[in-house]
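# Structural overview for review
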Amino acid sequence: TMNTIVISKKDTIKNISISTVTIQDMKTVLPYVVEFRKQLFPMLDPQKMPKDLQDFDQAYLDDQTGTFLQAKDSGGKLVGVIGMLAYDYRFPHLNLDLRKTVEVARLFVDPDYRRSGLGTALFWELTMVARAKGTERLYLHTHPFLEGAYEFWLKQGFCLTEYCDEAGFPTIHMELLIGKFNNLTCSSKLELSR
């Protein structure tokens, strides 16, 4: 899929194309994701790659559930990414039921394009792919030290599932039901102390 959207970037209009990452795109997309991760999580050992990045093609390209999207500017420069992969139920305390669930991961947007609508455009394109694949729930987790992340996901319709410590990191678990029988209502909002 290739959609072109127009967003505002610092009072100028730029054309952004959002497309599905293919095996040929991995040589540019994977280093972009790895570098972004290093910048956002400097406290993590950059030599220890998470499983989804070690097996990027299996998690996002080969698996029927997964997908990874890229956003490029009119000059072909990569300016944002987002992915989804099969949720592995590694947080059993969340008590998620057996609806078809994917995990939203790796939303990274170049600093020059933040607050331009690109993150929202990437997410909604991902949501359309998820619906086409029969997904019923989008799950994600974020952290309070990622400025604006929690508020961004609330604006996208996600609800707080749990706020707890995961391996030494304060972690915010969230979900959004997108299936036919979406009866999820957010019961509370998390007040994060700054």
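Residues numbered from 1 in each chain as written. Predicted model: local features only at pLDDT ≥ 70, side-chain atom pairs only at ≥ 80, totals over all residues. Heavy atoms only, no water.

### As for the side chain of T127
On the secondary structure map, T127 appears in helix α4 (residues 118–132). The class of T127 is buried, set by a relative accessible area of 1%. In this structure, T127 is in contact with L138 and I178, ignoring residues within four places of it in sequence. (Helix = DSSP H or I, 4+ residues; strand = E, 2+ residues; numbered from the N terminus. Buried < 20%, exposed > 50% of the residue type's maximum accessible area, 1.4 Å probe, protein only. Contact = heavy atoms within 4.5 Å.)

### Some details on the nonpolar core
Counting residues in each nonpolar core, the largest one holds 27 residues, and the members touching the most others are I82, V104, L118, L122, L138, W153 and F158. Within the residue set of this core, elements represented by two or more residues are β2 (12–20), β3 (67–72), β4 (78–86), β5 (101–109), α4, β6 (137–142), α5 (149–155) and β8 (169–177). Among the elements that take part in this core, α4 stands out by supplying seven residues, more than any other. With sequence-adjacent residues up to four places away left out, L138 is seen in contact with V102, V104, F123, T127, A130, F158, M174, E175, L176 and I178. Within the second largest apolar cluster, 19 residues are counted, among which are V29, F36, F68 and L85. (Core = buried A, V, L, I, M, F, W, Y, C linked by side-chain atoms within 4.5 Å.)

### What about unusual backbone geometry?
Positive phi, close to 55°, is recorded for Y89, a residue that is not glycine. The phi torsion at R115 lies on the positive side, around 65°, for a residue other than glycine. Mapped onto the elements of the fold, R115 is located in the loop between β5 and α4.

### Let's talk about the packing of aromatic side chains
Enumeration over the complete set of coordinates arrives at 15 aromatic pairs. With 5.0 Å between their ring centres and 45° between their planes, F56 and Y60 make a pair best called tilted. Here the residue F56 and the residue Y60 both occupy positions in helix α3 (residues 56–62), the gap between them amounting to four residues, near one helical turn. Of the two residues examined, F56 and Y60, each falls in the buried class. Look at F56 and F68: their rings are 4.9 Å apart centre to centre, the planes differ by 65°, and that puts the pair in the edge-to-face class. Here F56, found in helix α3, pairs with F68, found in strand β3; they are 12 residues apart in sequence, far enough to count as distant. Using a relative accessible area of 0% as the deciding quantity, one classes F68 as buried. (Phe/Tyr/Trp six-rings, centres within 6.5 Å; stacked < 30°, edge-to-face > 60°.)

### With respect to the pattern of salt bridges
On inspection of all chains with the given rule, the structure shows eight salt bridges. Salt-bridge contacts for D110 lead to K77; the nearest nitrogen and oxygen are separated by 3.2 Å. Highlighted residues: D110 in the loop between β5 and α4 and K77 in the loop between β3 and β4, separated in sequence by 33 residues. What makes D110 buried here is its relative accessible area of 9%. Two residues, R99 and D97, come together in a salt bridge whose shortest N-O distance is 3.0 Å. Linked through salt bridges whose partners overlap, the residues forming this network are D97, R99, R137 and E175. (Salt bridge = Lys/Arg side-chain N within 4 Å of Asp/Glu carboxyl O.)

### A few points about α4
The end-to-end C-alpha separation of α4 is 21 Å, in line with the 21 Å expected for 15 residues at 1.5 Å each. Looking only at α4, the buried set comprises L118, G119, A121, L122, F123, E125, L126, T127, V129 and A130. G134 sits one or two residues past α4 and shows a positive phi near 80°. (Expected span 1.5 Å × (residues − 1).)

### Structural notes on the pairing of strand β7 (residues 159–166)
Here seven bridges tie β7 to β8, and the two strands are oriented antiparallel to one another. Each bridged residue has a counterpart across the sheet, and for Y163 the counterpart in β8 is I172. Here β7 folds back onto β8, and the loop between the two strands holds two residues, one of which, A167, carries a positive phi near 50°. (Pairing = 2+ DSSP bridges.)

### Observations concerning the confidence of the model for the chain
With 85% of its residues at a pLDDT of at least 70, the chain reaches an overall mean of 85. Across residues 1–13, where pLDDT falls below 50, the model places 36 contacts with residues more than four positions away in sequence or in other chains. (pLDDT = per-residue confidence, 0-100.)

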